[in-house]
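# Report on the structure
So the chains spell out like this:
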Amino acid sequence: MRLLKTDDTHYSGQADPYILKSGGRYYIYVTGHDAIYAYQSDHLLTGWTFYGPVLSVPGLSAFWAPSVIEIDGKFYMYNSMEGTGDTPDPGGHVGAMHVSVADNPLGPFTGTKQILHPFSIDSHIVRNEAGLFLFYSANRFTGERIGTCIYVDRMLDPFTPAGKPVLVVEPTLDEDIYQRDRYQPGQHWHTIEGAFYFREGDWQYVMYSGNCFEQPTYYIGYARAKTNETDLTKIKFEKYPDDHTYSPVLCANDFEEGTGHHSMIREDGQWYAVYHARDYIRDGGADAFDARNARICKLNVRDGVITAERYPDHI
């Protein structure tokens, strides 16, 4: 079900929505070309209003895929940006991870610091009893399936990664192929991105998006581990149900397509996914990129298995 409307706001797109609850209010942050934009509501499922830009840095662009965490009364936003002047990665990609800080969820987020070099995108910042950890995506140009993979690194403080990233999820399926013959014939480019980590009982999960929102096999899947380990760099996550089976939690259905890049929130014992998608009829065509809007559905998490409940007009 649509959570944020695109026809009654000042901003047309809501790609990569990240949800945060703080002080009894809800906030959603979305990707923008010139800024990170925010929405707010007193209720999870209703009453969402457009706030406007909360992070913008002169000279930079492509403000992608934010995640936000509250630590000791400060709010830290992690997202990628372009225009830093860094040397592109071997594929020519220039987006790099930054962190900014604010005194409240609606910013303004300032003090922006670059913490990773290109290509580094799609953050999820996580804090548990073992410390602070950053999940993100970066590119790999060697191996049988080259492309974008998910990594995790320990953060020494909110502005400083340890610099010892560990591979978490890599492409293993043809359904992960973003573009065939991208750099040379027979060498297909794969994409695994949009990490979201959470724990439920004895199981720990890293959910992710595979492929590209323009492709019909674009999907949300997950890897899992049954462990009590709290150092997230030491956990071996395994794709569900295995490395060779396409088994999406969310993918295109009969009322929406381009389903991916989500965040999650747990309310009254129920998990919800906030993800982007677009309607087939209304949002198709050349404007599909900007037409992605935030949707919400229930996720049922039971003993290592995640399933989604999706309806066009209700939760």
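Preceding this section is the structure that the text describes.
Not measured: the values here are computed from a predicted model. (Residues numbered from 1 in each chain as written. Predicted model: local features only at pLDDT ≥ 70, side-chain atom pairs only at ≥ 80, totals over all residues. Heavy atoms only, no water.)

### Some words on the overall build of the protein
Check the secondary structure of the protein and you find one helix and 23 strands. At 18 Å, the protein has a C-alpha radius of gyration in line with the 20 Å of a compact globule built from 315 residues. For the protein, the C-alpha atoms occupy an extent of roughly 45 × 45 × 45 Å along the three principal directions. Within the protein, buried positions represent 57% of all 315 residues. Long-range pairs, those at least 24 residues apart, make up 52% of the contacts in the protein with a sequence separation of at least 6. (Helix = DSSP H or I, 4+ residues; strand = E, 2+ residues; numbered from the N terminus. Rg over C-alpha atoms; globule rule 2.2 N^0.38 Å. Buried < 20%, exposed > 50% of the residue type's maximum accessible area, 1.4 Å probe, protein only. Contact = heavy atoms within 4.5 Å.)

### So, the side chain of threonine 191
The residue threonine 191 is located in strand β15 (residues 187–200) in this model. For threonine 191, a relative accessible area of 4% puts it in the buried group.

### Quick look at unusual backbone geometry
Cis peptide bonds are those with omega within 30 degrees of zero, and the linkage from proline 118 to phenylalanine 119 qualifies with -5°. As for its placement among the helices and strands, phenylalanine 119 is situated in the loop between β8 (110–114) and β9 (120–128). The linkage connecting tyrosine 240 with the following residue, proline 241, adopts the cis geometry, with an omega of -5°. Summarising the element assignment, proline 241 is placed in the loop between β18 (238–239) and β19 (250–251). Of note, the phi angle at aspartate 72 is positive, near 50°, even though the residue is not glycine.

### Description of the side chain of glutamate 193
Residue placement: glutamate 193 occurs in strand β15. Salt bridges are absent for the buried glutamate 193, whose nearest opposite-charge side chain, arginine 292, sits at 7.1 Å. For glutamate 193, the residues in contact, after removing those within four places along its chain, are Ile121, Asp122, Ser137, Ile150, Tyr208, Ser209 and Asn211. (Lys, Arg positive; Asp, Glu negative; His and termini not counted. Salt bridge = Lys/Arg side-chain N within 4 Å of Asp/Glu carboxyl O.)

### A look at the sheet that holds strand β4 (residues 49–55)
With antiparallel pairing, four strands are arranged side by side in an open sheet as β1-β2-β3-β4. Of all the strands in the sheet, the pair left with one neighbour each is β1 (18–22) and β4. Going from strand to strand, the sheet's axes swing by 30° on average, the running direction of each strand aside. Sheet topology places strand β2 (residues 25–30) next to strand β3 (residues 36–41); five bridges connect them, and they run antiparallel. Each bridged residue has a counterpart across the sheet, and for tyrosine 26 the counterpart in β3 is serine 41. (Pairing = 2+ DSSP bridges. Axes fitted to C-alpha atoms, helices over the stretch in contact; angles between N-to-C directions.)

### Description of the environment of leucine 250
With respect to the element layout, leucine 250 can be found in strand β19. Residues in contact with leucine 250, not counting those within four places in the same chain, are Tyr218, Tyr219, Ile220, Thr259, Tyr275, Cys297, Leu299, Ala308 and Arg310.

### Points about the packing of aromatic side chains
Under the criterion given, the structure shown has 16 aromatic pairs. Between tyrosine 37 and phenylalanine 50, the aromatic rings sit 6.0 Å apart at their centres with planes inclined by 20°, giving stacked as the arrangement. Here tyrosine 37, found in strand β3, pairs with phenylalanine 50, found in strand β4; they are 13 residues apart in sequence, far enough to count as distant. Taken together, a centroid distance of 5.2 Å and an interplanar angle of 45° make the contact between phenylalanine 141 and tryptophan 189 tilted. Note that phenylalanine 141 is positioned in the loop between β10 (131–140) and β11 (147–157) and tryptophan 189 in strand β15, a separation of 48 residues in sequence. Under the relative-accessibility criterion, phenylalanine 141 is labelled partly exposed at 27%. An aromatic cluster is present here, built from Phe198, Tyr205, Tyr222, Tyr240 and Trp271 joined pairwise through their rings. For arginine 292, the ring lying beneath its charged end belongs to phenylalanine 213, and the centroid distance is 3.9 Å. (Phe/Tyr/Trp six-rings, centres within 6.5 Å; stacked < 30°, edge-to-face > 60°. Lys NZ or Arg CZ within 6 Å of the ring centre and 35° of its normal.)

### Examining the pairing of β3
Most of β3 sits out of view: six of its six residues are buried. Between β2 and the antiparallel strand that follows it, β3, lie five residues. Sheet topology places β3 next to β4; five bridges connect them, and they run antiparallel. In the sheet register, alanine 38 faces β4, and the bridge partner there is glycine 52.

### Structural notes on the pattern of salt bridges
Applying the stated rule across the entire model yields 14 salt bridges. Its salt-bridge partner being arginine 295, residue glutamate 256 comes within 3.0 Å of it at the nearest N-O pair. Taken together, the positions of glutamate 256 in the loop between β19 and β20 (257–267) and arginine 295 in strand β22 (residues 293–302) put the pair 39 residues apart, joining distant regions of the chain. Each of the two residues, glutamate 256 as well as arginine 295, counts as buried. With a shortest N-O distance of 3.4 Å, glutamate 257 and arginine 278 are connected by a salt bridge. Remark: arginine 278 occurs in strand β21 (residues 270–278) and glutamate 257 occurs in strand β20; sequence separation between them is 21 residues. What emerges from the salt-bridge pattern is a single network uniting Arg2, Glu256, Asp279, Arg295 and Arg310.

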